[in-house]
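Working through the structure, step by step
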Amino acid sequence: MLLSITTECHCACRPVSSPFHDHHGCPSPASLSHSVAGTATAVLGSEPWWPRRPSTLPGMDINKGLPAIASHRDLHVWIIENQRMVPVPERAYGNFFEEHCYIVLHVPRSLKATQGASSDLHYWVGKEADAAAQGSAGAFVQHLLEALGGAAVQHREAQGHESHCFRSYFRPGVLYRKGGLASALKHVETNMYNIQRLLHIQGRKHVSATEVELSWNSFNKSDIFLLDLGKIMIQWNGPETSISEKARGLALTCSLQDRERGGRAQIGVVDDEVKATDLMRIMEAVLGCRVGNLPASMPNKSINQLQKASVRLYHICEKEEDLVIQELATCPLTQDLLREEDYYILDQGGSKIYVWQGRTSGLQEKKAAFSRALAFIQAKGYPTYTNVEVVNDGAESAAFKQLFRAWSAKKPENRNLHGMSELIRGRLDVGKLHSQPELAAQLRMVDDASGQVEVWCIQDLCRQPMDPKHHGQLHAGNCYLVLYTYQKMGRVQYILYLWQGHQATTSEIKALNCNAEELDLMYHGALVREHVTMGSEPPHFLAILQGQLVVFQGRMGHNRKELPASAMRLFHVQGTDIYNTKTMEVPARASALNSNDVFLLVTASICYLWFGKGCNGDQREMARTVVTAMSGETKETVLEGQEPPCFWEALGGQAPYPSNKRLPEDVSSFQPRLFECSSQMGQLVLTEVVFFSQEDLDKYDIMLLDTWQEIFLWLGEAASGWKEAVTWGQEYLKTHPAGRSLATPIVVIKQGHEPPTFTGWFFTWDPYKWTNNQSYEEVVDGGLGAKPAIFELTAELNNFQLSRVPSHGRAGPLSPRTLKGSQDGSGNELQLDSKGGGTSTSSYHSSPKPTIKGSLPREQLMHQAAEDLPEGVDPAHKEFYLSDSDFQDIFGKSKEEFYSMAKWRQQQEKKQLGFF
């Protein structure tokens, strides 16, 4: 079978078809003229990435190989060993051996996660995995998929290039470990201290740690490295790392401490080599003295939003013995392009390849989905590690659905929101909105709109207060600030709406933002700011104006004097109650009418209230209320089809107008998505957090929550780039493949001031979570203060002089045998082996100075200058050489308690007691 790609030009020219023949060379992405077999597999290293057929391999019993899936947890991980699926213990989740393949299954169990979410089945390949392991994993994936009824979303994952979905499972990060079967028998051995390794920690929101060579040659200035010596773990932070990277690296270090050492290893952090002399002495004892400057890290190749904006849909079909891939459309895509009897490839700018399988497409085609996707990747010249996601008709992922302009579920989802419809029809219960924030989020209402409202109009670049009688009367040529004050659980909360008219000038929009900043400062940063564009007002904005929002064309001058307007004015009244009604001025012509709505025609002598045939009683009643507030002049009610001649004369004569009912946008199939925002080379880069929770909001982050109807930007209290947040939200909408409306409201929220319309999208929310939240510096200084084992090892090092046997005349590292740790997990202190070992390139020996046996009398340590101390005593830690009883007597606490204190408090006590 041969593969050909046909490009449809969407113009008068004929499609061009390029045949592909079996070829082992690298394809040209420009010409797409290289050929690959229809069953070809992409190559990772020198081994095939996916088996040609997911058939059972020799000696493999697939029926016995499929394990039971526990129902009490969401995540399941298996390693492929000897052509068997072996469950990975939960405490080892996130550990991946490079010579193996893994299968990861996520089955959402929580109520919110199951609303429109499907299972995810991941096939992970280590960079050193051989063909046999890959073949076994491929076969297991296909059989596991059949056992799941074929409803799972399938993912192909390459080590170091995993999808955001995959990385979201493993908090605080993944660990790539060297080794194969022998080392994989026990993923994590708790309390093992006979270890020396160096881990390279990378990543922003999704962190990974990779075992690298135990050498300074592995280091660079921009990343984090963890020297793991069993009882001591030293995190070295590159001078160019950000504080958020340091904090996330420390979270991973602490996780390893808990999982692999039972919490008993001691952590040291090197932020400044000059100040961390003790830790650097240990590092140089292991790694040798560093020579030369550290290099910069390799540039990050993150895919920015502009690259992801390019989307192309291809139809896959067979013609005779050839497999033909024909381009159908580019973005924005529509759902009706997908037919249930076919299957398609969707290419998102080369960053990810989706395969969509129709519900009635053939079984063989479904089994060949990955191999055909990989043939496509080869043909396009994309990297072999390009992510592939296979989705089934009716079980599409949230990311796939959002690549289309609109998406409707074929089976209506049962969204029982505890009486949401009753709340809409009746009076909103503010107590329910606050106690059930998921209701507030779905209704987009923080409360029942009974709070206090203040309105300012931006004039001459300043804000001018508006009379409460005219709060709802806005002009398209102006900008307005609307401040809403309400109470939630006894606490005062604020929302500041920044309303922007379609005809507002650039200078007025800039002044709008500047005045909003001033107000925010006045309220000490407590304002939630929502950017609203004329015509796209959210429900709560309409509700606080009590259905009296009227938008006039033109500009409002000083003292509410309007600039000259037409004598004939036509207003479109939309809504059924005070929570959803707005009135917009439209061009005064017959074509602007609609049979399903109410219109007000204002002339010099009379006002006509026109009721279309399709409007209901609620619409008519609300329109009468609005019109009474707008004008006290004589009003004449006109029914569609019974208009007097003067009505049409006022509109310039009769003309066709719409009569079809406008259906509201169906957003029920779109799930909320959470992203971390960052900038690279001036371009927005988003990292998605799938299956998110409040734990994913970090004080150093700027996060974007897309609920489709609104864009929330959450600003962590220690995050930088706050001023760019709104710009990032706008760029996200501009570059979205679905062609999103640029008028979508953008809500900016600061940490600690989250409204229920935001918190309701999270499964649980703890309003006190950040009350005593420590910063990275506080954690390092307080919780990771000086530790006994680090001091003891430093003291031992002080009793040895490391020297290099002649070759280059510089000190070298101690061999792994030189630093000995407890091998029985008993917690014995690390010792220095005076016999020291050698390496393949050089040997080392240690010249012992006089050592200190046991403790020293307090008289030899208290109030003694450095030159008067016994030989071998570290002047910076004189108290360490006291006996346990003397230490308790002098300091009133044990050594362990003392060294767990903050450094500044240790220094203070040492000064007071004569040990400084």
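Residues numbered from 1 in each chain as written. Predicted model: local features only at pLDDT ≥ 70, side-chain atom pairs only at ≥ 80, totals over all residues. Heavy atoms only, no water.

Focus on the side chain of glutamine 134
Along the chain, glutamine 134 turns up in helix H2 (residues 131-147). A distance of 3.3 Å separates a polar atom in the side chain of glutamine 134 from the backbone oxygen of alanine 129. (Helix = DSSP H or I, 4+ residues; strand = E, 2+ residues; numbered from the N terminus. Polar contact = N/O pair within 3.5 Å; in protein donor to acceptor, adjacent residues only side chain to side chain.)

Structural notes on the environment of glutamine 730
Structurally, glutamine 730 can be placed in helix H18 (residues 725-734). As for glutamine 730 and threonine 744, which are separated by 14 residues in sequence, their C-alpha atoms are 9.0 Å apart.

A closer look at the environment of glutamate 859
Inspection of the secondary structure assignment puts glutamate 859 in the loop between strand S42 (844-848) and helix H22 (884-891). Separated by 23 residues in sequence, glutamate 859 and leucine 882 place their C-alpha atoms 10.0 Å apart.

Here's the deal with the sheet that holds strand S7 (residues 95-97)
The strand order S7-S11-S13-S12-S14-S15-S16 describes an open sheet built from seven strands, whose pairing is mixed. The strands lining the two open edges of the sheet, one partner per strand, are S7 and strand S16 (266-270). Each strand axis lies, on average, 25° off the axis of its neighbour in the sheet, ignoring direction. Inspection of the sheet shows S7 paired to strand S11 (residues 174-177) by three bridges, in the parallel sense. Its bridge partner lying in S11, phenylalanine 97 is registered against arginine 177. Sheet strands touched by helix H5 (residues 243-261): S7, S11, strand S12 (197-202), strand S13 (208-212), strand S14 (224-228), strand S15 (232-237) and S16. Its angle to S15, the strand with the most contacts, is close to 165°. Each of S14, S15 and S16 touches helix H6 (residues 277-287); the most contacted strand, S15, lies at about 100° to it. (Pairing = 2+ DSSP bridges. Axes fitted to C-alpha atoms, helices over the stretch in contact; angles between N-to-C directions. Contact = heavy atoms within 4.5 Å.)

Some thoughts on empty space enclosed by the protein
If you walk through the whole model with that rule in mind, you get four cavities of 30 Å³ or more. Looking at the largest cavity, its volume works out to about 110 Å³. What lines the largest cavity is a set of 13 residues, among which Val446, Tyr497, Glu530, Glu710 and Thr757 lie closest to the centre. Contributions of two or more residues to the lining of the largest cavity are made by strand S26 (491-500) and strand S27 (527-533). When its residues are assigned to classes, the lining of the largest cavity shows eight nonpolar, two polar and three charged. (1 Å grid on protein atoms, 1.4 Å probe; cavity = no way out; pocket = protein on both sides within 12 Å on 5 of 7 lines; lining within 4 Å. Points joined across faces, edges and corners; volume = space filled by probe spheres on them. Nonpolar A, V, L, I, M, F, W, Y, C, P; charged D, E, K, R; others polar.)

What to know about the packing of aromatic side chains
Following the criterion strictly, the structure yields 43 aromatic pairs and no others. Between tyrosine 344 and tryptophan 356 the ring centres are 5.8 Å apart and the planes differ by 50°, which places this aromatic pair in the tilted class. A residue pair is termed long-range when its members are at least 10 positions apart, and tyrosine 344 in strand S19 (residues 343-348) and tryptophan 356 in strand S20 (residues 352-357) qualify at 12 residues. Residue tyrosine 344 shares its accessibility class with tryptophan 356, and that shared class is buried. Where tyrosine 484 meets tyrosine 486, the ring centres are 5.7 Å apart and the plane angle is 25°; that geometry is what we call stacked. Of the two residues examined, tyrosine 484 and tyrosine 486, each falls in the buried class. A connected cluster of aromatic rings, assembled from ring pairs, spans Phe96, Tyr102, Trp124, Phe166, Tyr169, Phe170, Tyr176 and Phe691. In this arrangement the basic side chain of arginine 290 is found over the ring face of tryptophan 216, its NZ or CZ atom lying 4.8 Å from the centre. Positioned above the aromatic ring of tryptophan 708 is the side chain of arginine 740, whose terminal nitrogen or guanidinium carbon lies 3.9 Å from the ring centre. (Phe/Tyr/Trp six-rings, centres within 6.5 Å; stacked < 30°, edge-to-face > 60°. Buried < 20%, exposed > 50% of the residue type's maximum accessible area, 1.4 Å probe, protein only. Lys NZ or Arg CZ within 6 Å of the ring centre and 35° of its normal.)

Regarding the pairing of S15
Along S15, six of the six residues are buried, which leaves the element largely enclosed by surrounding structure. In S15, alternate side chains face the same way, and those of Ile232, Ile234 and Trp236 on one face and Met233, Gln235 and Asn237 on the other are all buried. Where S14 meets S15, five bridges bridge the pair, whose relative direction is antiparallel. When the bridges of S15 are listed, isoleucine 224 appears paired with asparagine 237. Taking the residues that link successive antiparallel strands as the turn, the S14-S15 hairpin has three residues, and the phi of glycine 230 there is positive, at about 90°.

Notes on the pattern of salt bridges
For the structure shown, the criterion picks out 39 salt bridges. We note a salt bridge from glutamate 688 to arginine 673, for which the minimum N-O separation is 2.7 Å. You can see glutamate 688 sitting in strand S35 (residues 683-689) and its partner arginine 673 sitting in strand S34 (residues 673-680), a full 15 residues away along the chain. Across this residue pair, the class does not change: glutamate 688 and arginine 673 are buried. A salt bridge links glutamate 909 to lysine 893; its shortest N-O distance comes to 3.2 Å. (Salt bridge = Lys/Arg side-chain N within 4 Å of Asp/Glu carboxyl O.)

Topic: the nonpolar core
One finds Tyr480, Trp499, Phe541, Ile544, Leu697, Leu705 and Phe758 to be the most contacted residues of the largest nonpolar core, which totals 48 residues. Once residues within four sequence positions are removed from consideration, leucine 697 is found in contact with Leu674, Met703, Trp714, Phe758, Phe762, Trp765 and Trp770. (Core = buried A, V, L, I, M, F, W, Y, C linked by side-chain atoms within 4.5 Å.)

Digging into unusual backbone geometry
In this model, arginine 171 is joined to proline 172 through a cis peptide bond whose omega is 10°. Residue position: proline 172 is located in the loop between helix H3 (164-167) and S11. Looking along the chain, the bond that leaves cysteine 331 and enters proline 332 is cis, with omega of 0°. Relative to the elements of secondary structure, proline 332 occurs in the loop between strand S18 (322-330) and S19. Unusually for a residue other than glycine, asparagine 82 sits at a positive phi of about 50°.

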